[in-house]
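Given next are the chains, with one letter for each unit.
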Amino acid sequence: MIRRAETRDMPAVLDIRARVFIEEQGVSEADERDGRDDEAIHLVAFDCGKPVGTARLLIDGETGRIGRVAVLADKRGRGLGKDIMHAALDELRKQGAARASLGSQVHAVGFYEALGFEVTGPEYFDAGIPHREMVLSL
């Protein structure tokens, strides 16, 4: 089940992101905690009532930026990432966004392409990890 996180869910959101990005992928805390969480919409995926995945949405005009998409390692492969992305796209549409954008880690480009996203730029590094910019018209 996916739902929009309330303030009381932020510790869970930050815990998931720390476990995936900081501990698992070696991203620095300074890069992961960029100070934009207060202006974002946060989505949380639950499994048996426990938070196991998350995504962050930032809206700028007609563009919704999806970021910090993370699912705990032991919960991957069950479709939770796809569920989170569908919830994110639905929320962006509700918020009036006409386009979704994201920076995909290179290994995940195929995942986002299967959801309809298209690569729009060259490979670049974010937090030391290769990424590609991707967009989807809503």
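Preceding block: the structure.
The structure contained in this document is the topic of the report that follows. No experiment lies behind these values; they were computed from the predicted model shown.

**Some thoughts on the pairing of strand β5 (residues 99–105)**
Phase 1 of the analysis: Counting buried residues in β5 gives 5 out of 7 residues, a clear majority hidden from the surface.
Phase 2 of the analysis: Relative to β5, strand β4 (residues 63–71) runs parallel, the two being bridged by 3 bridges. Directly across from Thr63, in β5, lies its bridge partner Arg99.
Phase 3 of the analysis: Crossover connection from β4 via helix α3 (residues 80–94) to parallel β5: handedness right-handed.
Phase 4 of the analysis: Sheet topology places β5 next to strand β8 (residues 129–137); 7 bridges connect them, and they run antiparallel. Looking at β8, one finds that Ala100 is bridged to Leu136.

**With respect to the layout of surface pockets**
Phase 1 of the analysis: Taken as a whole, the largest pocket spans an internal volume of roughly 930 Å³.
Phase 2 of the analysis: Around the largest pocket sit 42 residues that line it, and Phe21, Arg68, Val69, Gly103 and Tyr112 are the ones nearest its centre.
Phase 3 of the analysis: Per-class residue counts for the lining of the largest pocket are 17 nonpolar, 11 polar and 14 charged.

**What about the environment of Gly26?**
Phase 1 of the analysis: Take Gly26: it is sitting in the loop between α1 (10–24) and α2 (29–32).
Phase 2 of the analysis: Once the C-alpha coordinates of Gly26 and Gly128 are considered, the two residues, 102 residues apart in sequence, prove to be 8.9 Å apart.

**Points about the packing of aromatic side chains**
Phase 1 of the analysis: With the rule as written, the count across this model stands at 2 aromatic pairs.
Phase 2 of the analysis: With a centroid separation of 4.9 Å and 75° between ring planes, the pair formed by Phe111 and Tyr112 is classed as edge-to-face.
Phase 3 of the analysis: Overall, the relative accessible area of 34% leaves Phe111 in the partly exposed class.
Phase 4 of the analysis: Given a relative accessible area of 9%, Tyr112 falls into the buried group.
Phase 5 of the analysis: Ring geometry for Tyr112 versus Phe117: centroids 6.0 Å apart, planes at 75°, classification edge-to-face.
Phase 6 of the analysis: Taken together, the ring pairs in this structure connect Phe111, Tyr112 and Phe117 into an aromatic cluster.

**Looking at unusual backbone geometry**
Peptide bonds are mostly trans, and most non-glycine residues show a negative phi.
Phase 1 of the analysis: In this structure, Cys48 takes a positive phi of about 55° despite not being glycine.
Phase 2 of the analysis: With respect to the helices and strands, the residue Cys48 is situated in the loop between β2 (41–47) and β3 (50–60).
Phase 3 of the analysis: Residue class for Cys48 comes out exposed when judged on its relative accessible area of 76%.
Phase 4 of the analysis: At Ala127, a residue that is not glycine, the phi angle is positive and equals roughly 55°.
Phase 5 of the analysis: Mapped onto the elements of the fold, Ala127 is located in the loop between β7 (124–126) and β8.

**Here we look at α3**
Phase 1 of the analysis: For α3, spanning 15 residues, the distance from its first C-alpha to its last is 21 Å, which sits close to the expected 21 Å at 1.5 Å a residue.
Phase 2 of the analysis: All of the buried residues in α3 are Leu80, Gly81, Ile84, Met85, Ala87, Ala88, Leu89, Glu91 and Leu92.
Phase 3 of the analysis: Looking one or two residues beyond α3, the residue adopting positive phi is Gly96, at roughly 90°.

**Digging into α1**
Phase 1 of the analysis: In this model α1 runs 20 Å from its N-terminal to its C-terminal C-alpha over 15 residues, within 8% of the 21 Å that 1.5 Å per residue would give.
Phase 2 of the analysis: In the structure, α1 departs most strongly from a straight axis at Ala18, where the bend amounts to approximately 35°.
Phase 3 of the analysis: Listing the buried residues of α1 in full gives Met10, Val13, Ile16, Arg17, Ala18, Val20 and Phe21.
Phase 4 of the analysis: Among the structural elements, α2, β2, β3, β4 and β5 are those in contact with the buried residues of α1.
Phase 5 of the analysis: Just past α1, the residue Gly26 takes up positive phi, approximately 75°.

Definitions and cut-offs
Residues numbered from 1 in each chain as written. Predicted model: local features only at pLDDT ≥ 70, side-chain atom pairs only at ≥ 80, totals over all residues. Heavy atoms only, no water. Buried < 20%, exposed > 50% of the residue type's maximum accessible area, 1.4 Å probe, protein only. Helix = DSSP H or I, 4+ residues; strand = E, 2+ residues; numbered from the N terminus. Pairing = 2+ DSSP bridges. Right-handed = clockwise from strand over helix to strand, strands pointing away. 1 Å grid on protein atoms, 1.4 Å probe; cavity = no way out; pocket = protein on both sides within 12 Å on 5 of 7 lines; lining within 4 Å. Points joined across faces, edges and corners; volume = space filled by probe spheres on them. Nonpolar A, V, L, I, M, F, W, Y, C, P; charged D, E, K, R; others polar. Phe/Tyr/Trp six-rings, centres within 6.5 Å; stacked < 30°, edge-to-face > 60°. Expected span 1.5 Å × (residues − 1). Bend = angle between axes of the 7 residues up to and from the residue. Contact = heavy atoms within 4.5 Å.

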